[in-house]
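Now for the letters of each chain:
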Amino acid sequence: MTKLEQPNAESFEPKIVGFLCNWCSYAGADKAGASQTPYPPNVSIIRVMCSGRVDPQFVLEAFHKGADGVIILACHPGDCHYKEGNYRAVQRHRILLRLLEQFGIEKERCNFDYVSAGEGEKFVRVITGMVSTIKALGPLTLALPVS
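Structure report, in brief. Sequence order sets the numbering: in each chain, residues are counted from 1 along the sequence as written. The model is predicted, so local features are restricted to residues of pLDDT at least 70 and side-chain atom pairs to those at 80 or more, both for listing and for counting; the totals for chains, interfaces and linings are taken over all residues. Each side-chain value is derived from all of the structure's non-hydrogen atoms; neither hydrogens nor water enter the calculation.

So, on to the sheet that holds strand β2 (residues 43–48). The criterion for strand pairing is that DSSP finds at least two bridges linking the strands in question. Labels follow the DSSP assignment, with helices taken as runs of H or I lasting at least four residues and strands as runs of E lasting at least two, numbered in each case from the N terminus. Spatially, β2-β1-β3-β4 is the arrangement adopted by the four strands of the open sheet, whose pairing is parallel. Looking at which strands have only one partner, the edges of the open sheet turn out to be β2 and β4 (110–114). For this sheet, the mean inter-axis angle between neighbouring strands, taken without regard to orientation, is 20°. A contact between two residues is defined here by any heavy atoms of the two lying within 4.5 Å. Angles run from 0 to 180 degrees between N-to-C directions of axes, and those axes are lines fitted to C-alpha atoms, restricted for helices to the stretch in contact. Across the sheet, helix α2 (residues 56–64) lies against β1 (16–21), β3 (69–74) and β4, angled at about 150° from β3, the strand it touches most. Helix-sheet contacts for helix α3 (residues 85–102) involve β3 and β4, and the interaxial angle to β4 is about 165°.

Dropping the structure here:
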């Protein structure tokens, strides 16, 4: 990208990949949509059966393919349909943040949060906050080897 093609701070619209738990977070997103609560359209949602199934490799691949940020949304502690998948997800997220640091990716670009099926408003707040954070950070530029 040449200097003329680079977006300025006002025109930059981040690309964010969201991994949402089927049972809670995805249903929370659906509730926000059903209530017609507006939120930024910057997030491409990937529905997963459980947040515990989000492999760190999926997150790295999202960044490698052009995402400026990634968000993982899980069931609240104690509410996982698979007993402890959300606990596994939060542990993986902590490890993932250290890995991303090795690649020079700011930890703010990869968020983890809990959103239940009844929390459409929280879903909107989390997504809006993530978009604002990534806009402030600007586009992600990686120097990863091509696989």
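On we go.
A separate point is the pairing of β3. Only protein chains enter the accessibility calculation, which uses a 1.4 Å probe; a residue whose area is less than 20% of its type maximum is buried, one above 50% is exposed, and one in between is partly exposed. Among the six residues that make up β3, six are buried, leaving the element largely enclosed by the rest of the structure. Burial along β3 is two-sided: the residues Gly-69, Ile-71 and Leu-73 and Val-70, Ile-72 and Ala-74 are all buried. Sheet topology note: the β1/β3 ladder contains five bridges and is parallel. Bridging from a neighbouring strand, Ile-16 pairs with Gly-69 of β3. Note: β3 against β4, five bridges, orientation parallel. Across the sheet, Leu-73 pairs through a bridge with Asp-113, a residue of β4. Here is how to tell: hold the view so the strands point away, follow the path from the first strand over the helix to the second, and if it runs clockwise the crossover is right-handed. Traced from β3 through α3 to β4, the parallel crossover comes out right-handed.

What makes a nonpolar core is a set of buried Ala, Val, Leu, Ile, Met, Phe, Trp, Tyr and Cys residues whose side-chain atoms join them at distances within 4.5 Å. One finds Phe-19, Val-59, Phe-63, Val-70, Ile-72 and Phe-112 to be the most contacted residues of the largest nonpolar core, which totals 20 residues. Taken together, the elements giving at least two residues each to this core come down to β1, α2, β3, α3 and β4. The element best represented in this core is α3, accounting for four residues. Apart from the residues lying within four places of it in its own chain, the contact partners of Phe-19 are Ile-46, Val-48, Val-54, Phe-58, Val-59, Val-70, Ile-71, Ile-72 and Leu-73. Among the nonpolar cores identified, the runner-up in size contains 16 residues, and Ala-32, Val-43, Val-124 and Ile-127 belong to it.

For α2, the complete set of buried residues consists of Val-59, Ala-62 and Phe-63. Down the axis of α2, the buried set is contained in an arc of 95°. They therefore lie on one face. Next to the buried residues of α2 lie β1, β3, α3 and β4. As used in this structure description, the phrase polar contact means that two N or O atoms lie within 3.5 Å; if the pair is within protein, one of them must be able to donate a hydrogen and the other to accept it, and residues adjacent in sequence are counted only when both atoms belong to side chains. Its side-chain oxygen placed 2.7 Å from the backbone nitrogen of Gln-57, Asp-55 serves as the N-cap of α2. Immediately downstream of α2, the backbone of Gly-66 shows phi near 115°, a positive value. To obtain the arc, one takes the directions from the helix axis to the C-beta atoms.

Any Lys or Arg side-chain nitrogen located within 4 Å of an Asp or Glu carboxyl oxygen qualifies as a salt bridge. Under the defined criterion, the tally for this structure stands at five salt bridges. With a shortest N-O distance of 3.5 Å, Glu-61 and Lys-65 are connected by a salt bridge.

Everything listed here is a matter of geometry and, on its own, says nothing about what the molecule does.
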